Structures are given as C-alpha cells and as structure tokens.
Amino acid sequence: VMDVIKGSTVDLGPLSVDFFRKTNISASWNFFGLETATDNNVTFPEVRSTGLASNTRQETSRGKQEYTSNEDHSHPTETPAMLVRRQLREKRREKRASDLVKQDDEVTVKLENAAIEHSNSVDSAVLGKYSIWRKENENENSDSNVRLIRDQMIMARVYTSIARMKNKTYLANELQNRLKESQRSLGDATADFELQRSAPEKIKAMGQVLAKAREQLYDCKLVTGKLRAMLQSADEQVRILKKQSTFLSQIAAKTIPNGLHCLSMRLTIDYYLLPQEKRKFPQSENLENPSLYHYALFSDNVLAVSVVVNSTIMNAKEPEKHVFHLVTDKLNFGAMNMWFLLNPPGKATIHVENVDEFKWLNSSYCPVLRQLESATMKEYYFKAAHPTTLSAGSSNLKYRNPKYLSMLNHLRFYLPQVYPKLNKILFLDDDIVVQKDLTGLWEVDLQGKVNGAVETCGESFHRFDKYLNFSNPHIAKNFDPNACGWAYGMNMFDLKEWKNKDITGIYHKWQNMNEDRTLWKLGTLPPGLITFYGLTHPLQKSWHVLGLGYNPSIDRSEIENAAVVHYNGNMKPWLELAMNRNSELRWEQHHPTPRKKRIVLCSALDDLYATL
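Residues numbered from 1 in each chain as written. Predicted model: local features only at pLDDT ≥ 70, side-chain atom pairs only at ≥ 80, totals over all residues. Heavy atoms only, no water.

Participant: Lay out the environment of Lys 226 in plain terms, naming residues and giving numbers.
Facilitator: With respect to the helices and strands, the residue Lys 226 is situated in helix α9 (residues 220-254). Taking the relative accessible area as the measure of exposure, Lys 226 reaches 23% and is therefore partly exposed. Once residues lying within four places of it in the same chain are set aside, the contact partners of Lys 226 are Val 158, Ser 161, Ile 162 and Met 165. (Helix = DSSP H or I, 4+ residues; strand = E, 2+ residues; numbered from the N terminus. Buried < 20%, exposed > 50% of the residue type's maximum accessible area, 1.4 Å probe, protein only. Contact = heavy atoms within 4.5 Å.)

Participant: Just give me the short version of the sheet that holds strand β7 (residues 432-434), but keep the residues and values in it.
Facilitator: A sheet is described by the order of its strands in space; here 3 strands give the open sequence β7-β12-β11, paired in mixed fashion. Taken across any chain shown, the strands that pair with only one partner, and hence form the sheet edges, are β7 and β11 (544-545). In the sheet, β11 pairs with strand β12 (residues 564-566) via 2 bridges, with the strands oriented parallel. The residue of β12 that forms the bridge with Val 545 is Val 565. (Pairing = 2+ DSSP bridges.)

Participant: Lay out the state of the cysteines with the relevant residues and their values.
Facilitator: Applying the stated rule across the entire model yields 1 disulfide. For Cys 457, the disulfide goes to Cys 484, at an S-S distance of 1.6 Å. The disulfide joining Cys 457 to Cys 484 has a torsion of about -110 degrees about its S-S bond and is therefore left-handed. Placement of the pair is Cys 457 in the loop between β8 (451-453) and α17 (464-467) and Cys 484 in the loop between α18 (473-478) and β9 (490-494), with a sequence separation of 27 residues. (Disulfide = S-S within 2.5 Å.)

Participant: How would you summarise unusual backbone geometry if you had to cite specific residues and measurements?
Facilitator: Positive phi, close to 55 degrees, is recorded for Gln 447, a residue that is not glycine. Note on placement: Gln 447 falls in the loop between β7 and β8. On the basis of relative accessibility, which here comes to 57%, the residue Gln 447 falls in the exposed class. Positive phi values are uncommon outside glycine, yet Arg 517 reaches one of about 60 degrees. Considering the arrangement of structural elements, one finds Arg 517 in the loop between α20 (503-513) and α21 (525-531).

Participant: Let's hear about α20: which residues, and what values?
Facilitator: Of all the positions in α20, only Ile 503, Thr 504, Tyr 507, His 508, Trp 510 and Gln 511 are classed as buried. Of the surrounding elements, those touching the buried residues of α20 are α13 (367-372), α15 (407-410), α16 (415-418), α18, α19 (495-500) and α21.

Participant: Help me get a handle on the packing of aromatic side chains, residues and values and all.
Facilitator: Tallied over the full model, the rule gives 22 aromatic pairs. Consider the rings of Tyr 365 and Tyr 414, whose centres lie 5.8 Å apart with planes at 50 degrees: the pair is tilted. On the criterion of sequence distance, the pair formed by Tyr 365 in the loop between β5 (349-354) and α13 and Tyr 414 in the loop between α15 and α16 is long-range, its members being 49 residues apart. Of the residues examined, Tyr 414 reaches a relative accessible area of 0% and is grouped as buried. Relative to Tyr 488, the ring of Phe 427 lies with its centre 6.2 Å away and its plane at 75 degrees, an arrangement referred to as edge-to-face. On the criterion of sequence distance, the pair formed by Phe 427 in strand β6 (residues 424-428) and Tyr 488 in the loop between α18 and β9 is long-range, its members being 61 residues apart. With a relative accessible area of 2%, Phe 427 lands in the buried category. Cluster of aromatic residues (ring-pair linked, three or more members): Phe 298, Phe 427, Trp 486, Tyr 488, Phe 493, Trp 498 and Phe 532. The ring of Tyr 218 has Arg 214 lying over it, and the distance from NZ or CZ to the ring centre is 4.4 Å. The residue whose ring lies beneath Arg 412 is Tyr 488, and the NZ or CZ to ring-centre distance is 4.5 Å. (Phe/Tyr/Trp six-rings, centres within 6.5 Å; stacked < 30°, edge-to-face > 60°. Lys NZ or Arg CZ within 6 Å of the ring centre and 35° of its normal.)

Participant: Residues and numbers for the pairing of β9, please.
Facilitator: Taking burial as the measure, the 5 residues of β9 include 5 buried ones, the bulk of the element. A two-sided burial pattern is seen for β9, the buried positions comprising Met 490, Met 492 and Asp 494 on one face and Asn 491 and Phe 493 on the other. In terms of strand pairing, β6 meets β9 through 5 bridges, oriented antiparallel. Along β9, the bridge assignment pairs Ile 425 with Phe 493. In terms of strand pairing, β8 meets β9 through 2 bridges, oriented antiparallel. Its bridge partner lying in β9, Gly 452 is registered against Met 492.

Participant: Requested: an account of a nonpolar patch on the surface, with residues and values cited.
Facilitator: Residues Phe 247, Leu 248 and Ile 251 make up a contiguous nonpolar surface patch of about 280 Å² in total accessible area. Along the polypeptide, Leu 248 turns up in helix α9. With a relative accessible area of 54%, Leu 248 lands in the exposed category. (Patch = residues over 30% accessible without salt bridge, like charges linked within 9 Å, V, L, I, M, F, W, Y side chains within 5 Å. Areas by Shrake-Rupley, 256 points an atom, 1.4 Å probe, with all protein chains shown as cover. Salt bridge = Lys/Arg side-chain N within 4 Å of Asp/Glu carboxyl O.)

Participant: Describe the sheet that holds β6, listing the residues and the values that go with them.
Facilitator: The strand order β5-β4-β3-β6-β9-β8-β10 describes an open sheet built from 7 strands, whose pairing is mixed. Two strands bound the open sheet, and with one partner strand each, they are β5 and β10 (536-538). The sheet shows a mean angle of 25 degrees between the axes of neighbouring strands, taken without regard to direction. Docked against the sheet, helix α11 (residues 302-314) engages β3 (293-298), β4 (322-328), β5 and β6, running at close to 175 degrees with respect to β4. Strands β4 and β5 of the sheet are contacted by helix α12 (residues 333-342), whose axis makes an angle of about 170 degrees with β5. (Axes fitted to C-alpha atoms, helices over the stretch in contact; angles between N-to-C directions.)

By themselves, these figures tell us nothing about what the structure is for.
Structure (structure tokens):
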C-alpha cells in the first residue's frame, strides 16, 4: 500500500511518507513492524489497510495539506526527480493564477462594453439631453441661469421683508434695487439664450447681496415662514387665475361674435323692409307630407343653421324631398327668414317659426318654463350674494349658459306637439356639418324604440352616473349607473311611438321632481337620458362623430368617414378659438359669407346708424 501511495502523482505531487509518522494514524491502519526505506533513509512501520477507499482519500487530503505547508523548506534529502516535480507544481500554480487574473480582466472589459452599447442604444430624441451625469452648461438650451435668477429673486423678496422687519433699511433698499435689475434682466426669457448679455453680471451682483443678507439676517424659522407665506399666496393667485380663465372661456364660447351679430341685425332690417307677399317661402304644401324627409333644427344662430342646411342639401341624392323645419326666437326670426330668402337651399323646402308664437308652450303646461321663471332659479343664477351661485365661485360655472335658460333648448321634448302630422323626424343641432346623404336613417328599424342615437360610452366615460345624482333614491331605484349614454345632435325620432309611450308626459314627471335640482343639473341631456331610458336604439358610430369642439385627437379617418361631424364643446367653428383650421374649413366651405365680409357688414351697419 505504501509503495502505491508513494508512486502516485497528483497536482501536489506524491505524498510524503513522513506524514504517516507525524500525524495520528487512523484506526483503520495497523502496525506490524518496521522496515527501512532505502530511498529516504527513513525507517517506516509496515502498515496494512483494513479500511475503505474513502478513508484513504481523506487521509491523503490531509497529507497534501501537510506537504503543502512544508514544501517551501527544501528537504536535505530531496532527489532531482522530486525537485523537478516541485518546480513543475510551482509553474502550474503561477499559470493558474495568471489565467484567473486574465479572466477577471476579460469579464470587466465585457461589462464595460455592454454598458457602452446600452447607453448608445438609448433614443436621445426621446430623452433629450437630460442625464443625471450631465453638467448644466453642456446643454445648449439650458435654462439653468433663468432658474437661478428666479431663485435669487425669491430669496431677495424674503430677505427684503426680513430686513424691513429688523429695520435694516439700507440692506432692504439694496436688495430691492438688485431685485428690479434682475427682473429687467429676466424679462420674458424662458431659456438662457434669451437673457440679456448683462445677465451674468446681474447674477453675480445679486449673489453678493444675498450673501451679505444671509450673514446679517438669516433665521431659519423666519425664512421658512416667509417662503411658506409666498407659496400660499402663489397658490391663491393660481386659483383665482384659473377661475377667471374658466369664466372668460365660457364667455368667449357662448357669446355671439360681433360679425354674426351685425349680420343678424342687417338681415333683420332688410326683412322688415320687405312687403308681406315677399316674405313667404315656396312649396309650403310639403311641410306636412309624411312621405318626405323632415328635419327639425332649433337655433338662434343664422350662420350655423345655414351651414347645417347647405351641407345636408349638398350631400342629398334627392334634395327636392327634404324639408327643413327651423324654429328660432323673435329676436332672430327676421334674420333667419331673410337669410334663406336671399340664399334658398336649391329645391329643398324651408319653413321658419318663432318659438314665442307657440301659445300652448306656457308655464302652466311646461314645468321647465315655470322653473326658469321662478324666483329660486333667478336667485341660483343671478344673485351674487347667494352662497351657491355660480358668480360666487361654484364649480358649475358652465351651467350659467343662456342656452339652458332658453326654451329653444327644451323644445326638443315637444316634437309631436310642434309637428303633429309627421311620423318621423330627424333632429339636428346647429353645430354639426353633414358629409353624406342622411336618407338611410329613415330606413333604420328602431325596433319599437322612440329615439335612434349614437352611444357615447366607449369605456367608463359618458355613462349615466356622470350625468345623474345616484345618491338620490329616485335615481338609484330606477336607473343603472353603468347604462350607456348617447348623444344629442343627430337623433331620429319615431313620433308615432313617442305618442304611444307618452314621452312628453314622462319628461314632465321627472322635470317636476327636479325642481330643486337634486336629480341633475340644468341641461337637456340628463332629462333626455331619463326620458328615453330603455327607449333608445343605438345607431352605428359612423353616422355621428362627436368631439370636434374639444378633442384634437380624433382620428382623421373617423372624421372623413362620418356622415355627420359634431362640434360639441366650447370651440365652435364660427368662433375665433376654433380647435384647428382643418376642422374649421369643413364648416366654412358650407356658407357663402366669409368673416371678412361680415366685418364689412358691421362697418356698413355702423354707417347706417350714423346716417340715422
């Protein structure tokens, strides 16, 4: 066994037999005597193995450790062969060490290259030049100086206030002068390249004054208090400006532009100068013919109505079969008539009526008219001292709109009363443009429903809970909050089913229950959703595309393929704040009076007044 162990060579070379004399022998080894090892001149005990191979491997490994610890000391009896083997072992260890070092270097290089490739793959067009490692002056469009000036101005105001509090008049005046210089230097600049050339000098001068102020005035509690007060003041200013912006946007959206107002006045004057026999439209026999295509349009905007009529006729396959029933107020009755007398819509039939001449439409019959005339409604809308008035800052400012107080807006709930001999009628708003022939709507089977409309609940928006107060038990008991809403603007109404189901009676019932405005706010869509609940047939969305008056992200293909596009929202196409020129052109191309001509009409009207 000893000869085998001694002759075996491994990474650490042969085991030294001295190990077996210097170390405790395992119980599996037995001594039977001593023999002389001629190779090393050392006497060894003869041993025999009575254990397993695994025990031999364990003792061998211990022998390797012992030999390794002693191999640096040259043995006086080391043979040339042993010396060569030891040198080979040292070379192998050095080679392994160098390989490990080389491998570590290669891994480091690979990691660095991967990081560089990753940084190069980042789209700088999306992220710009921002980087957490960048220096401000490396960005050519940096606004660091602009922000620095603003920060200096804030601190200058803080220290000015503290200086005056502590009677440091000289320092307060110096800070005030530097503050004015910084304001002039900043101006309206939003980036560094917009600053004046003297801006760096102003920044330096202000920094010196602020350093002086800090030495003399700095008090953490005072500075914090001043900054907090400035922040609260800024928040209050933002709130006031937002409220003013909302109010002004409502005014801009709901008031009639000067050009349209002058046009209506000029048309009204011309109409009442006409003799009675020339004020009538032809083809009056078509007004009650149920076999024709009838449209209802209620508005006080002459130009908007002309666009709806003209765009419908231009896309109609048989214009002579189309009848337009227009209703306006007494102020615009003459102008509406005169416009279509001067600009007849081809072979189509036109009829204009005055809503104030509907004697049956009075406060004893119509709940909303009674409510609009009530003192509580006037107080809600027009008394500034009332805590819930819109003028006092209520969030419902958009409801302070003349259309909610006009019967023209609520007349849509009385269609059978206005047109008793018709079977079907297409209701249109005045802020739409027709792009295709609409006669296909008369062929749509409403399946016993009263109202045909396009639904507006794409996801969770425009469902019933957006319009109705479901905390009220009457609403919660009778309606589903997740029911899909629909849009006014283009609605096909079956007047026969309307009469059979007493739609107007349902409307009156709920309108009477909402006298205190606890079921919904003012408007016609919430009561419409209630009145036609379960009685509305959904039309294909391509018939009616909405949102052109507030949503700039509508897909262009949807607009192109729509039969009707609707400018619902504040940005009406006849206003200067129209959403965009492309949408506006769809409206402009359907009326013959451009804005420049309307301005000329206003000038001519001013001359007429001067002459009178």
